[in-house]
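Below, each chain spelled out in residue letters.
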Amino acid sequence: MTAREASVPRAALWMAGWLSLMVLIAIAGREAQRELAVFQIMELRSLIGLLLIAPLIRAAGGLAAMRTQRPRQHAARNLVHYAAQYGWFVALTLIPLAQVVAIEFTMPIWSALLAAMFLRERIGAWKVVAIALGVFGVGLIVRPASTGLSTGQAIALAAAVGFAVSVVLVKSLTRSDSALAIIFWMLVWQSLLGLLPALWVWRWPSATVWGWVLVVAFCGTFSHYCMARALQHAEATVVVPMDFVRVPLTALAGWLVYAERVDLFTVLGVLLILAGNALNLRRPAPR
């Protein structure tokens, strides 16, 4: 990443787009599952997403601009991401929205470790504290039962590990491919992966559910574009902890839309998460 490309404020701006779209897709995904199976929702999301980015592809120079020298990395990233995304959608119907997203935020632990191991990114003291505060805040929100994780919580945790692997692979891909190319290959690969499972459970959506599917497709496509652009401007260990803000935003959405309870522990967890993000955005002192 060149000095000209590196910019935490620009990364934060792209992450704001990611956050907004991810809160919307959580609601739309839950509503779409009132009629449709997860495989079908994911397939429609990928096919519609290809249509949505077609104008961007044409403006970038057509399919020739989407060529990549790293097809295996794209395939690996999307295989992992597809499985994680399936688990995430399933978890939406099993536990409250805030819990799904909160458990997902064990992801920064795995992302930071993987980025340090494979991308040689440094984890400074402030980043460690930021991640620790965020994870502790997530723990206050989730508070697993004494009997251990529920089925929905376990699925959400497995999805978090998959998303962490996906984020690190995206960060690696941004070194050679554009954000648009990364999204294009994501939609192509996931359309192929989900075609047969979707046909197996296919049923025609009602007009209302078509609306929710379109929201899922739009948010699912352009949220990843925002994430890829953010990773072009900052390291994964900076970008990923910004995503902690999605926990309080989703908790608020769950309260407003589904009357899901927000208690004192949730509020305390939110405060810790915001504190962690403030530390994460702290600029290191010049050497």
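The notes below deal with the structure included here. (Residues numbered from 1 in each chain as written. Predicted model: local features only at pLDDT ≥ 70, side-chain atom pairs only at ≥ 80, totals over all residues. Heavy atoms only, no water.)

**Here we look at the overall build of the protein**
No. 1: Along its length, the protein carries 12 helices and 0 strands.
No. 2: Tracing the protein from N to C terminus, the helices and strands come up as α-α-α-α-α-α-α-α-α-α-α-α.
No. 3: The C-alpha radius of gyration of the protein comes to 18 Å, within 12% of the 19 Å expected for a compact globule of 287 residues.
No. 4: Along the first, second and third principal axes, the C-alpha set of the protein runs to 50 × 45 × 30 Å.
No. 5: Per-residue burial for the protein yields a buried fraction of 51% across its 287 residues.
No. 6: Considering only intrachain contacts with a sequence separation of at least 6, the fraction spanning at least 24 residues in the protein is 91%.
No. 7: Here the protein has roughly 13600 Å² of accessible surface; of this, 69% comes from carbon and sulfur atoms. (Helix = DSSP H or I, 4+ residues; strand = E, 2+ residues; numbered from the N terminus. Rg over C-alpha atoms; globule rule 2.2 N^0.38 Å. Buried < 20%, exposed > 50% of the residue type's maximum accessible area, 1.4 Å probe, protein only. Contact = heavy atoms within 4.5 Å. Areas by Shrake-Rupley, 256 points an atom, 1.4 Å probe, with all protein chains shown as cover.)

**Some remarks on empty space enclosed by the protein**
No. 1: For the structure on display, the rule yields 1 cavity of 30 Å³ or more.
No. 2: One number sums up the size of the largest cavity: a volume of about 210 Å³.
No. 3: Taken together, 20 residues line the largest cavity, and the ones lying closest to its centre are Trp 18, Met 22, His 81, Phe 163 and His 224.
No. 4: The set of elements that each furnish at least two residues to the lining of the largest cavity consists of α1 (8-32), α3 (71-92), α7 (151-173) and α9 (207-233).
No. 5: No other element matches the 5 residues that α3 contributes to the lining of the largest cavity. (1 Å grid on protein atoms, 1.4 Å probe; cavity = no way out; pocket = protein on both sides within 12 Å on 5 of 7 lines; lining within 4 Å. Points joined across faces, edges and corners; volume = space filled by probe spheres on them.)

**What to know about the state of the cysteines**
No. 1: Within the structure shown, the criterion is met by 0 disulfides.
No. 2: The closest cysteine sulfur to the non-disulfide-bonded Cys 219 is located on Cys 226, 10 Å from its own sulfur. (Disulfide = S-S within 2.5 Å.)

**Re the packing of helix α2 (residues 38-60) against helix α8 (residues 179-200)**
No. 1: Interaxial distance between α2 and α8 falls to 8 Å at its minimum, and their mutual angle equals 150°. By the angle class used here, α2 and α8 are roughly antiparallel. Of the two elements, α2 crosses α8, and the hand of that crossing is left-handed. The segment α2 lies against α8, with Phe 39, Gln 40, Glu 43, Arg 45, Ser 46, Leu 47, Gly 49, Leu 50, Ile 53, Leu 56, Ile 57 and Ala 60 engaging Leu 180, Phe 184, Met 186, Leu 187, Val 188, Gln 190, Ser 191, Gly 194, Leu 195, Pro 197 and Ala 198.
No. 2: When the residues that make up the contact of α2 with α8 are grouped by side-chain class, the tally is 15 nonpolar, 6 polar and 2 charged. (Axes fitted to C-alpha atoms, helices over the stretch in contact; angles between N-to-C directions. Parallel < 35°, antiparallel > 145°, perpendicular 65-115°, else oblique. Left-handed = near helix turned anticlockwise from the far one by under 90°. Nonpolar A, V, L, I, M, F, W, Y, C, P; charged D, E, K, R; others polar.)

**Some details on the packing of aromatic side chains**
No. 1: One pass over the full model with this rule turns up 6 aromatic pairs.
No. 2: A centroid spacing of 5.7 Å and a plane angle of 80° characterise the contact between Trp 14 and Tyr 225, whose relative ring orientation is edge-to-face. Of this pair, Trp 14 sits in helix α1 while Tyr 225 is found in helix α9, placing the two residues 211 residues apart along the sequence.
No. 3: Relative accessible area serves as the criterion here: at 24%, Trp 14 is assigned to the partly exposed category. (Phe/Tyr/Trp six-rings, centres within 6.5 Å; stacked < 30°, edge-to-face > 60°.)

**What about the pattern of salt bridges?**
Two side chains with opposite charge may pair up if their charged atoms get near one another.
No. 1: Tallied over the full model, the rule gives 2 salt bridges.
No. 2: Arg 30 is the salt-bridge partner of Glu 260, the closest N and O atoms lying 2.9 Å from each other. Remark: Arg 30 occurs in helix α1 and Glu 260 occurs in the loop between α11 (246-258) and α12 (264-280); sequence separation between them is 230 residues. Each member of the pair, Glu 260 as well as Arg 30, carries the same accessibility label: buried. (Salt bridge = Lys/Arg side-chain N within 4 Å of Asp/Glu carboxyl O.)

**Here's the deal with unusual backbone geometry**
No. 1: Not every positive phi belongs to a glycine, and Ala 259 is a case in point at roughly 55°.
No. 2: Mapped onto the elements of the fold, Ala 259 is located in the loop between α11 and α12.
No. 3: On the basis of relative accessible area, Ala 259 is assigned to the exposed category, the value being 62%.

**Observations regarding the side chain of Thr 250**
No. 1: Within the secondary structure, Thr 250 sits in helix α11.
No. 2: The buried category is assigned to Thr 250, whose relative accessible area is 1%.
No. 3: Here the side chain of Thr 250 touches Arg 246 through a polar contact of 2.7 Å, landing on its backbone oxygen.
No. 4: Beyond its immediate stretch of four places on either side in the chain, Thr 250 contacts Val 23, Leu 97, Ala 98 and Val 101. (Polar contact = N/O pair within 3.5 Å; in protein donor to acceptor, adjacent residues only side chain to side chain.)

**As for a nonpolar patch on the surface**
No. 1: On the surface, a cluster of nonpolar side chains totalling about 1000 Å² of accessible area is made up of Leu 252, Trp 255, Leu 256, Val 257, Val 262, Leu 264, Phe 265, Val 267, Leu 268, Leu 271 and Leu 274.
No. 2: Of all the secondary-structure elements, those providing two or more residues to the nonpolar patch are α11 and α12.
No. 3: No other element matches α12, which puts 6 residues into the nonpolar patch.
No. 4: In this structure, Trp 255 sits in helix α11.
No. 5: Using a relative accessible area of 48% as the deciding quantity, one classes Trp 255 as partly exposed. (Patch = residues over 30% accessible without salt bridge, like charges linked within 9 Å, V, L, I, M, F, W, Y side chains within 5 Å.)

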